[in-house]
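So you can see what is in the structure, the chains are spelled out below.
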Amino acid sequence: MDVKIEQGWKEQLAEEFEKAYFKQLTDFVKQEYRQGAVYPPGHLIFSAFDHCPFDQVKVVILGQDPYHEPGQAHGLCFSVREGVPFPPSLLNIFKEIEHDCKKPLPENGDLTRWADQGVLLLNATLTVRRHQAGSHQNKGWETFTDAVIHQLTRSRNHIVYILWGAYAQKKGTFIDATRNLVLKSAHPSPLSAHKGFFGNKHFSKANDYLIASGQTPVEW
């Protein structure tokens, strides 16, 4: 199957694109886009990969679902387009960066600037129906994004994996922490941020590890 995705990822995931589940997933997603509003826009489904080529990944942040309200999702987990108000979890992420790295809150919530530095902003599910959180779960996306992480862990070392909340931590159970840095804490959601997300210092810890392994730190 010819999937429009960054060439390095296309080569790494070539076998995945030929599997039966991926064809079923593709048929389902195409039908959903035909029938109603689905986010992100179709050409942005693989934005996380297009902005962060396989051989340039140095940090992976795992999310769950794209935002399901109009104008928010654009293919990068936790990110919203310029001009869109910060969702609560993203605001808490910026507050932790402010505390951890002494950086003021940014003017916008577009995290493309992170992705272009080697941060893979990967949702477990890459599409969602308007107003219906979780509506595209258990259709095959999770199998695909598991394969993405497996491919990274097989082929690359010294990557920082940032796992916020039980869902992301479960999804990342097979990551080899002896060859990578795995950072875990509560989710930045207002429901859980005060249970261990605030003060986790994941952003400075990630950069310390990148520097120690000879890589360029991320400008958060």
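Residues numbered from 1 in each chain as written. Predicted model: local features only at pLDDT ≥ 70, side-chain atom pairs only at ≥ 80, totals over all residues. Heavy atoms only, no water.

Caption draft 1: Structural context of the environment of E142. Checked against the element boundaries, E142 lands in helix α7 (residues 141–155). By relative accessible area, which is 14% here, E142 ends up buried. Separated by 24 residues in the primary sequence, E142 and G118 have C-alpha atoms spaced 22 Å apart. Excluding residues within four positions of it along the chain, E142 makes contact with A124, T125, Q137, Y167 and K171. (Helix = DSSP H or I, 4+ residues; strand = E, 2+ residues; numbered from the N terminus. Buried < 20%, exposed > 50% of the residue type's maximum accessible area, 1.4 Å probe, protein only. Contact = heavy atoms within 4.5 Å.)

Caption draft 2: Here's a closer look at unusual backbone geometry. Backbone torsion omega between Y39 and P40 reads -5°, so that peptide bond is classified as cis. With respect to the secondary-structure elements, P40 resides in the loop between β1 (38–39) and α4 (47–51). Unusually for a residue other than glycine, F78 sits at a positive phi of about 70°. Taking the relative accessible area as the measure of exposure, F78 reaches 10% and is therefore buried.

Caption draft 3: A look at the nonpolar core. Counting residues in each nonpolar core, the largest one holds 66 residues, and the members touching the most others are F49, I61, W114, L120 and F144. Apart from residues lying up to four places away in sequence, F144 is in contact with L13, E16, F17, Y21, F22, F46, F49 and L126. (Core = buried A, V, L, I, M, F, W, Y, C linked by side-chain atoms within 4.5 Å.)

Caption draft 4: The arrangement of the pairing of strand β2 (residues 59–63) in detail. The buried fraction of β2 is high, at five of five residues. Covered by surrounding structure in β2 are V59, I61 and G63 together with V60 and L62, the residues of both alternating faces. Strand direction decides the pairing type here: β2 and strand β3 (residues 119–123), joined by five bridges, are parallel. In the strand pairing of β3, I61 is matched with L121. Direction of pairing for β2 relative to strand β5 (residues 160–164): parallel, over a ladder of four bridges. Note on β5: the bridge partner recorded for V60 is Y161. (Pairing = 2+ DSSP bridges.)

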